[in-house]
Structures are given as C-alpha cells and as structure tokens.
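# Geometric and topological summary
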Amino acid sequence: MLILGIESSCDETAAAVVSNGREVLSNVINTQIALHKKFGGVVPEVASRRHIEVIDAVIDEALAEANITFGDIDAIAVTYGPGLVGALLVGVSAAKALSFALSKPLVPVHHIKGHIMANFVAHKNLEPPFVCLVASGGHSHIVSVNNYTSFEIMGRTRDDAAGEAFDKISRVLGLGYPGGPLIDKLAKEGNPEAVNFPRVRMDKNSLDFSFSGVKTAVINYLHKLEQNGENYDKADIAASFQAAVTDVLCEHTIEAAQIRNSKIIALAGGVAANSVLRKKMTSMANKNGIQVIYPEPVLCTDNAVMIASAGYYEYRAGKRADMTLNAVPSLQL
Ligand code: KG4
Ligand code: ZN
C-alpha cells in the first residue's frame with residue numbers, strides 16, 4: 001500500500017511516499033528555517049504563506065523521487081493538528097483537493113502520533129507495546145504506545161515544551177534559531193556540571209514535566225552575572241542547561257517504562273535528535289535492562305514520512321476523513 005503523507009503544521013512543508021507504513025520511497029522537506037531566522041522564531045503568517053508557495057512543488061517532488069504518479073497512490077494522509085492553524089490549513093486543503101480530484105481516501109493524522117511512528121520506519125521489527133518520549137518544539141509527552149493506533153499519555157509538560165526551552169535559552173545566549181541543534185553543538189565544548197540548574201519534579205507521583213523553572217533560572221543567572229559585569233562561558237551555560245533538561249527527561253521516561261514493565265523506550269520529536277539525550281537515556285536505561293531506540297535526526301524533526309506511516313496504520317484501522325476535514329490547532333492525543 002502506497003501512502004502519500006503531507007505535513008505543514010509548523011515551519012516545514014513536507015511530502016513523502018511510504019510503502020506499507022515502513023518503507024520510505026521518498027522524503028521531501030522544504031524547511032523555512034532561513035526565512036524565520038531573522039525573527040528568532042516561527043512567524044505564523046509568514047509560515048502559512050510559504051507553505052502555499054511551495055506545497056505543490058513539494059508534493060510533485062515526492063512523487064518524482066518515489067518514481068510514481070498520482071494514480072499509484074492508495075491513500076493520502078495529512079497532519080490536521082496540533083500546530084499553527086494557518087500552516088495546518090495549507091496541508092489539509094492540498095490533501096482534500098487531491099483526495100477529491102483523484103477519488104482516493106483521505107486519512108487525518110495527529111502530528112504527535114506521527115512523531116512516534118517515525119520509530120516504526122527506523123526500526124523495521126519494532127512492535128508495540130513500548131514507552132515513547134515525544135519531545136519537540138511544541139510538546140513534551142511520555143506516551144504508552146499500546147498498539148499502532150492506541151496511545152496513552154503518562155506524563156506531559158505543564159508549561160513549556162523541552163524544545164521551546166532550548167530555543168529560548170539559545171536566544172538568550174545569542175546563538176540563534178532553532179536553538180536545539182546550536183546548544184547541542186556548543187555544549188560539547190562546555191562543562192555540564194559548571195552550574196547546577198534546577199531539575200523540577202511537579203509532585204512525587206507525577207511523571208509530568210515543567211521546564212519554565214529551569215528556563216527562568218538560566219535567565220536570572222545570566223542577568224546577575226551581567227549586572228555584576230562578570231564574564232561567563234556560554235558553552236558551560238549551554239552544557240549545564242542541557243544537562244538539567246535531559247536529566248529530567250531521562251528520569252521520568254525510565255520511570256514510565258518501569259511502571260509499564262516496558263523493555264523498550266523510543267525517542268521521538270525534534271529534541272530526540274539531541275546527542276546528550278540519546279546517550280544519557282541509553283546508558284541510564286541499559287542499567288535497568290531497557291533498550292533505547294530512536295530514528296535518525298531527519299526523521300526526528302518534522303517530516304512527512306512519519307505522517308504517511310501513521311496514515312497507513314490509521315487507514316488499516318478504518319480511519320477516514322471527508323471534505324469537511326478542518327485543521328485543529330490544539331488537537332488532543
Ligand atoms: O519536532 P520538531 O521539528 O517540531 C515540532 O513539532 O515542534 O521539533 C523542533 C524542536 C525545536 O525546538 C528545536 O530546537 C528542537 O526540536 N531540536 C533540538 C535538537 N534538534 C532540534 N533540541 C535539542 N537538541 C537537538 N539536537
Ligand atoms: Zn513536530
């Protein structure tokens with residue numbers, strides 16, 4: 001079964017063709033990073049306009065790269081939430097138009113489920129159940145993946161997403177956007193124990209996250225040094241901040257896996273590309289007899305392969321949308 005996936009929830013216009021949910025025939029991503037860089041973050045209206053400009057070409061390229069035509073597709077899967085409403089609408093409208101014109105089924109996909117499904121593409125023998133940490137610019141969830149279409153949230157952020165904190169601290173340090181990869185790179189030259197930033201636990205029995213505290217702690221720390229005219233090493237701050245965030249992500253996720261007696265932890269979302277998170281989670285989990293898996297970085301950040309893969313499993317479970325499908329910016333898992 002060939003699924004055309006379409007993704008436009010934030011600042012990447014993406015289309016991909018995936019066979020039977022797991023085999024990638026094409027993966028086209030038109031990133032808008034350069035466009036939003038000068039604003040220090042994604043500007044929703046600018047994002048929507050760029051999606052409109054490029055979506056047709058991105059879809060054409062995905063078909064060409066897969067060496068197929070529209071007639072070969074079995075269904076069209078599209079992200080309909082969560083995300084920026086104007087951005088989502090572009091992908092949803094394109095998918096609806098194609099579905100109508102080609103008389104092919106339309107499958108609505110939840111963006112976070114898509115992130116999780118990237119692991120099925122990356123690991124051909126992976127089967128549910130397992131526990132997955134989804135950490136991106138908009139979300140930080142610990143999810144129990146019960147089967148291919150049933151997901152249960154075990155913990156979530158009460159305020160900022162992990163990626164959002166990376167982006168904010170990067171901006172404060174004057175590194176640029178998006179912050180995650182820049183902090184990851186600079187932190188390699190710094191000492192993760194230079195400053196002991198807070199590791200927040202909401203309450204004893206909760207796996208929820210809170211990243212606004214560590215964000216504020218870093219900002220206050222820097223302000224204080226600046227007021228006193230003291231110098232600081234940006235690499236040390238980046239490494240210490242990254243250590244605090246990844247410690248919490250690892251501890252809560254491993255606890256979730258232990259609660260579910262899961263021998264596998266999967267990582268997903270843009271923050272899953274973080275080198276320290278991958279290493280730390282692997283070594284901490286291995287000590288507890290748990291294996292850690294993750295997709296290659298290009299399948300961690302936004303892409304349409306993951307949407308096509310999720311679309312395949314949703315299609316098999318009977319999920320369909322009609323021409324009334326709309327974007328749902330705060331769609332729940
Ligand atoms: O999944 P994604 O592409 O978009 C959302 O759905 O939000 O995630 C983007 C987020 C950004 O906040 C970015 O800074 C973060 O993922 N990110 C990273 C790394 N690469 C991307 N965070 C930490 N370390 C990285 N290497
Ligand atoms: Zn995403």
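Up top you'll find the structure we're talking about.
So, a few notes on the structure that sits alongside this text. Keep in mind that what you see is a predicted model, and the values were worked out from it rather than measured.

## Focus: the overall build of the protein chain
Within the protein chain, the regular secondary structure consists of eleven helices and ten strands. Relative to the 2.2 N^0.38 estimate, which gives 20 Å for 333 residues, the radius of gyration of the protein chain is 20 Å and therefore close to what a compact globule would have. Considering only residue pairs separated by 6 or more positions, the protein chain has 73% of its internal contacts joining residues 24 or more positions apart. Roughly 13800 Å² of accessible area belongs to the protein chain as shown, and the carbon and sulfur atoms make up 50% of that amount.

## Overview of the coordination of the zinc ion (ligand 2)
Looking at the zinc ion (ligand 2), the protein donor atoms are His111 (NE2), His115 (NE2) and Asp302 (OD), and they sit 2.0 to 2.1 Å from it. Geometry at the zinc ion (ligand 2) is irregular, judged from the four donor atoms that bind it and their angles of 95 to 137° at the metal. Between consecutive donors of the zinc ion (ligand 2), the numbers of intervening residues give the motif H-x3-H-x186-D. Within this pair, whereas histidine 111 is found in helix α4 (residues 111–122), its partner aspartate 302 is found in the loop between α10 (297–300) and α11 (305–316), the two being separated by 191 residues in sequence. As far as the burial class goes, histidine 111 and aspartate 302 line up, both buried.

## What about the sheet that holds strand β10 (residues 291–293)?
The strand order β8-β7-β6-β9-β10 describes an open sheet built from five strands, whose pairing is mixed. Unpaired on one side and paired on the other, β8 (150–156) and β10 mark the two borders of the sheet. On average, each strand axis in the sheet is inclined to that of its neighbour by 25°, with strand direction left out of account. Where α4 meets the sheet, its contacts fall on β6 (130–135), β7 (140–147), β8, β9 (264–268) and β10, and the angle it forms with β6 comes to roughly 125°.

## Digging into the packing of helix α5 (residues 162–172) against helix α8 (residues 234–259)
The interhelical angle for the contact between α5 and α8, taken along N-to-C directions, is 175°, at an axis separation of 11 Å. Judged on the interaxial angle alone, α8 and α5 are roughly antiparallel. Residue-level contacts link Ala162, Ala165, Phe166 and Ile169 of α5 to Phe241, Gln242, Val245 and Leu249 of α8. When the residues that make up the contact of α5 with α8 are grouped by side-chain class, the tally is seven nonpolar, one polar and no charged.

## Quick word on the layout of surface pockets
Approximately 160 Å³ is the volume attributed to the second largest pocket. In terms of lining residues, the second largest pocket is bounded by Asp184, Ala187, Lys188, Gly190, Pro192, Ala239, Gln242, Ala243, Ser275, Val276, Lys279 and Lys280. Counting residues per element, the ones that place at least two in the lining of the second largest pocket are α6 (179–187), α8 and α9 (275–287). The greatest single-element share of the lining of the second largest pocket, amounting to four residues, is contributed by α9.

## A few points about empty space enclosed by the protein
Applying the stated criterion to the full structure yields one cavity of 30 Å³ or more. Roughly 40 Å³ of internal volume is contained in the largest cavity. What lines the largest cavity is simply Pro198, Arg199, Val200, Ser210, Phe211, Val214, Ala244, Val245 and Val248. No other element matches the three residues that α8 contributes to the lining of the largest cavity. Of the residues that constitute the lining of the largest cavity, the class distribution is seven nonpolar, one polar and one charged.

## Considering the packing of aromatic side chains
Enumeration over the complete set of coordinates arrives at eight aromatic pairs. Aromatic side chains phenylalanine 166 and phenylalanine 241 sit 5.2 Å apart centroid to centroid with 75° between the ring planes, which places their arrangement in the edge-to-face category. Within this pair, whereas phenylalanine 166 is found in helix α5, its partner phenylalanine 241 is found in helix α8, the two being separated by 75 residues in sequence. Just as phenylalanine 166 is buried, phenylalanine 241 falls in that class too. Between phenylalanine 197 and tyrosine 221, the aromatic rings sit 5.7 Å apart at their centres with planes inclined by 90°, giving edge-to-face as the arrangement. In this pair, phenylalanine 197 is assigned in the loop between α6 and α7 (212–227) and tyrosine 221 in helix α7, connecting sequence segments 24 residues apart. Tyrosine 221 gets classed as partly exposed once you look at its relative accessible area, which sits at 32%.

## Details of the environment of asparagine 125
Looking at the secondary structure, you find asparagine 125 in the loop between α4 and β6. Its relative accessible area of 73% is what places asparagine 125 among the exposed residues.

## Brief notes about the nonpolar core
Side chains of a nonpolar character, in soluble globular proteins, are inclined to be buried together. Counting 45 residues, the largest nonpolar core has Leu133, Phe241, Leu249, Ile265 and Met281 as its most contacted members. Those elements giving two or more residues to this core turn out to be β6, α5, α6, α7, α8, β9 and α9. Among the elements that line this core, the one with the most residues is α8, at 13 residues. If near-sequence neighbours (up to four positions away) are discounted, leucine 133 is found in contact with His141, Ile142, Phe209, Leu249, Thr253, Ala266, Leu267, Ala268, Leu277 and Met281. Among the nonpolar cores identified, the runner-up in size contains 33 residues, and Ala14, Phe120, Leu126 and Leu299 belong to it.

Calculation notes
Residues numbered from 1 in each chain as written. Chains lettered and ligands numbered in written order. Predicted model: local features only at pLDDT ≥ 70, side-chain atom pairs only at ≥ 80, totals over all residues. Heavy atoms only, no water. Helix = DSSP H or I, 4+ residues; strand = E, 2+ residues; numbered from the N terminus. Rg over C-alpha atoms; globule rule 2.2 N^0.38 Å. Contact = heavy atoms within 4.5 Å. Areas by Shrake-Rupley, 256 points an atom, 1.4 Å probe, with all protein chains shown as cover. Donors = N, O, S within 2.8 Å, 3.2 Å for Na, K, Ca; no water. Tetrahedral: all angles 85-135°; square planar, octahedral: opposite > 155°, others 65-115°. Buried < 20%, exposed > 50% of the residue type's maximum accessible area, 1.4 Å probe, protein only. Pairing = 2+ DSSP bridges. Axes fitted to C-alpha atoms, helices over the stretch in contact; angles between N-to-C directions. Parallel < 35°, antiparallel > 145°, perpendicular 65-115°, else oblique. Nonpolar A, V, L, I, M, F, W, Y, C, P; charged D, E, K, R; others polar. 1 Å grid on protein atoms, 1.4 Å probe; cavity = no way out; pocket = protein on both sides within 12 Å on 5 of 7 lines; lining within 4 Å. Points joined across faces, edges and corners; volume = space filled by probe spheres on them. Phe/Tyr/Trp six-rings, centres within 6.5 Å; stacked < 30°, edge-to-face > 60°. Core = buried A, V, L, I, M, F, W, Y, C linked by side-chain atoms within 4.5 Å.

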